[in-house]
Each structure stands twice: as structure tokens, then as C-alpha cells.
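Understanding the architecture of this molecule
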Amino acid sequence: MTAILPTSPMQADTAPATPREDLRQAAQAFEAIFVRQLLASARASDFGGEDLFGGPGLEQFTAMRDEHFADIASMQGTFGLAASIERQLAAFVDQGGG
């Protein structure tokens, strides 16, 4: 089975990234993972309702939609977690000569 990987404008760049750009991308990826986990935990809540149109197809669609939302939210800085991570780790990157 082949995995479908999301594409982003960051992946379209062909020029080598600077260490600071790599840090920004890593921080955004971490924020996206965090948001995915947050959404998965929220969706795991069961309030006793029975879905008429449930099943594995809907679950897969919901997971894909949540992943896409998390990617967009992290790239736009919606939650601010990526910016905070980048600020905190930038001192280490800047010391390294990047």
C-alpha cells in the first residue's frame, strides 16, 4: 500500500534550506502532529450518539480532513506553537553558525 503524503508550498522549493528554515519547517511539522493528536482525542469522545453514516470510510475521511486541517493550521500559525518552538530553538541554531 502506498501512502499519500501531503504536499505543501514549503516542499516546492528546490533551493537548499538554511538551518533556520529547516527549524521553522520542523516546528510547523511538530505543531501539525500536536493538532492531529488534539483532534483525534476530541473525536474519541463518545457522547452516546449513533451515527447513521458511520463506519471505516467515514473514519478515514475524518482522519484525512483532520490531517489537512492540522497542516494548514501549523503553516498559518493558528495555534502559535510552531512560532514558540522556533523562537526557543533558534538560539541553538544561530550559535551553530546558521
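Scroll up a little and you will see the structure.
Residues numbered from 1 in each chain as written. Predicted model: local features only at pLDDT ≥ 70, side-chain atom pairs only at ≥ 80, totals over all residues. Heavy atoms only, no water.

Description of the overall build of the protein
Along the protein, the regular secondary structure elements total three helices and zero strands. When the elements of the protein are put in sequence order from the N terminus, they spell out α-α-α. Of the contacts formed within the protein by residues at least 6 apart in sequence, a portion of 88% connects residues at least 24 apart. Only carbon and sulfur atoms are counted for the fraction: they give 60% of the accessible area of the protein, which is about 7,600 Å². (Helix = DSSP H or I, 4+ residues; strand = E, 2+ residues; numbered from the N terminus. Contact = heavy atoms within 4.5 Å. Areas by Shrake-Rupley, 256 points an atom, 1.4 Å probe, with all protein chains shown as cover.)

Here's the deal with the environment of Asp94
Inspection of the secondary structure puts Asp94 in helix α3 (residues 81-95). By relative accessible area, which is 45% here, Asp94 ends up partly exposed. Residues Asp94 and Pro19, 75 residues apart in the sequence, show an inter-C-alpha distance of 8.5 Å. (Buried < 20%, exposed > 50% of the residue type's maximum accessible area, 1.4 Å probe, protein only.)

Focus on the packing of helix α1 (residues 19-43) against α3
Relative orientation of the contacting elements α1 and α3 amounts to 145 degrees, with a least axis distance of 9 Å. Note that α1 runs across α3; the crossing there is right-handed. Side by side, α1 and α3 meet where Pro19, Arg20, Leu23, Arg24, Ala27, Gln28, Phe30, Glu31 and Phe34 of the first sit next to Leu81, Ala82, Ile85, Glu86, Leu89, Ala90, Val93 and Asp94 of the second. Across the contact of α1 with α3, the residue classes break down as eleven nonpolar, one polar and five charged. (Axes fitted to C-alpha atoms, helices over the stretch in contact; angles between N-to-C directions. Left-handed = near helix turned anticlockwise from the far one by under 90°. Nonpolar A, V, L, I, M, F, W, Y, C, P; charged D, E, K, R; others polar.)

Remarks on the pattern of salt bridges
Counting across every chain of the model gives four salt bridges. The closest approach of N and O atoms between Arg20 and Glu86, which form a salt bridge, is 3.2 Å. You can see Arg20 sitting in helix α1 and its partner Glu86 sitting in helix α3, a full 66 residues away along the chain. Asp71 is paired through a salt bridge with Arg36; the nearest N and O atoms lie 2.5 Å apart. Note that Asp71 is positioned in helix α2 (residues 56-76) and Arg36 in helix α1, a separation of 35 residues in sequence. Judged by its relative accessible area of 14%, Asp71 is buried. Here Arg36 falls in the partly exposed class, since its relative accessible area comes to 24%. Via salt bridges that share partners, Arg20, Arg24 and Glu86 belong to a single interconnected network. (Salt bridge = Lys/Arg side-chain N within 4 Å of Asp/Glu carboxyl O.)

Comments concerning the packing of α1 against α2
Here α1 crosses α2 at 140 degrees, and the two axes come no closer than 8 Å. It follows that α1 is oblique to α2 by the angle criterion. As for the relative orientation of α1 and α2, their crossing is right-handed in sense. Facing α1, whose interface residues are Gln28, Glu31, Ala32, Val35, Arg36, Leu39 and Arg43, α2 presents Thr62, Arg65, Asp66, Glu67, Phe69, Ala70, Asp71, Ala73, Ser74 and Met75. (Parallel < 35°, antiparallel > 145°, perpendicular 65-115°, else oblique.)

Keep in mind these values describe shape, not function.
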